[in-house]
Amino acid sequence: MRVSAGTELPVFEVDEVPAASMKTVAVLLRDPNPIHFDPGAVAALGMGDRVINQGPTNMAYVVNMLVAWAGDPARIRALKVRFLDIVRGGDHVVAGGVVTSVAGDGRHRIAECDVWLDVVGGPRALAGSATVALKTGEARGTPAE
């Protein structure tokens, strides 16, 4: 299969976003907001009863999807996303994307992609765009082939 506009990227799926690791991530990010580790704080704000995943972790699911497709993190040249909704502990999420165009820059073929993270049975949590360098001379399959 040739990489061209319309090529769907293989999805990256997290069956259950782990609530237990959100407290650790909060410490690593120096983010003391209790919505990431205290269900009572979430409930007090009227936002349900499950902790809320950090935005950078949600974005990392999209990065994982891109790296799996590209075969090398260095091929991701740009990533721009908008956070649209929240992801809660226990949610099932799927990161996906589609190639919108492919062009050459003289050294590489460059794929422009629309990317997103969806909560299964819920909202789109984030959406954006990515620029990925394909292998030199690549004409088919995934960038890693």
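Further up the page is the structure itself.
Within any chain, residue numbers begin from 1 and follow the written order of that chain's sequence. Where totals are concerned, whole chains, interfaces and linings use all residues; where local detail is concerned, this predicted model gives features only for residues with pLDDT of at least 70, and gives and counts side-chain atom pairs only at 80 or more. Water and hydrogen atoms were dropped before computing side-chain values, which therefore reflect all heavy atoms in the structure.

> Mind laying out the sheet that holds strand β2 (residues 76-83), listing which residues take part and the relevant values?
Reading across the sheet, the five strands line up as β1-β3-β4-β5-β2 and stay open at both edges, with antiparallel pairing between neighbours. Strands with a single pairing partner mark the edges of an open sheet, and in this sheet they are β1 (8-14) and β2. The mean angle between the axes of side-by-side strands here comes to 20°, regardless of whether they run parallel or antiparallel. Strands pair, by our definition, only if DSSP identifies at least two bridges between them. A run of DSSP states H or I qualifies as a helix once it reaches four residues; a run of E qualifies as a strand once it reaches two. Both are numbered from the N-terminal end. When β1 meets strand β3 (residues 93-104), the two strands line up antiparallel, connected through five bridges. Bridged to glutamate 13 within β3 is valine 94. Helix axes are fitted to C-alpha atoms over the stretch in contact, other axes to C-alpha atoms as well, and angles between N-to-C directions run from 0 to 180 degrees.

> Describe the pattern of salt bridges, with residues and values.
Each reported salt bridge corresponds to a side-chain nitrogen of Lys or Arg within 4 Å of a carboxyl oxygen of Asp or Glu. Across all of its chains, the model carries two salt bridges by this definition. Of the charged contacts in the structure, one is a salt bridge between arginine 50 and aspartate 91, with a shortest N-O distance of 2.9 Å. Placement of the pair is arginine 50 in the loop between α2 (39-44) and α3 (55-70) and aspartate 91 in the loop between β2 and β3, with a sequence separation of 41 residues. The rule is simple: take the accessible area with a 1.4 Å probe, protein chains only, and divide by the maximum for that residue type; under 20% is buried, over 50% is exposed, in between is partly exposed. Looking at arginine 50, the relative accessible area reads 33%, which means it is partly exposed. Salt-bridge contacts for aspartate 118 lead to arginine 124; the nearest nitrogen and oxygen are separated by 2.5 Å. A relative accessible area of 22% means that aspartate 118 is categorised as partly exposed. Residue classification places arginine 124 among the partly exposed residues on the basis of a relative accessible area of 37%.

> Break down the pairing of β3 for me, citing the residues and quoting the values.
Sheet analysis places β3 next to strand β4 (residues 109-119), joined by eleven bridges and oriented antiparallel. What sits directly across from alanine 103, in β4, is isoleucine 110.

> Could you give me a rundown of the packing of aromatic side chains, with the residues and numbers involved?
Between the rings of Phe, Tyr and Trp (Trp by its six-membered ring), a pair exists once the centres lie within 6.5 Å; its type follows the angle of the planes, with under 30 degrees stacked, over 60 edge-to-face, and the other angles tilted. Inspection of every chain in the model, using the stated rule, returns one aromatic pair. Aromatic side chains phenylalanine 12 and tyrosine 61 sit 6.4 Å apart centroid to centroid with 25° between the ring planes, which places their arrangement in the stacked category. Linking phenylalanine 12 in strand β1 with tyrosine 61 in helix α3, this pair joins segments that are 49 residues apart in sequence. Under the relative-accessibility criterion, phenylalanine 12 is labelled partly exposed at 26%. On the basis of relative accessibility, which here comes to 9%, the residue tyrosine 61 falls in the buried class.

> I'd like to hear about the environment of valine 27, residue by residue, with values.
Among the structural elements, valine 27 can be located in helix α1 (residues 20-28). By relative accessible area, valine 27 is classed as exposed at 62%. Sequence-wise, valine 27 and phenylalanine 83 are 56 residues apart; in three dimensions their C-alpha atoms are separated by 21 Å.

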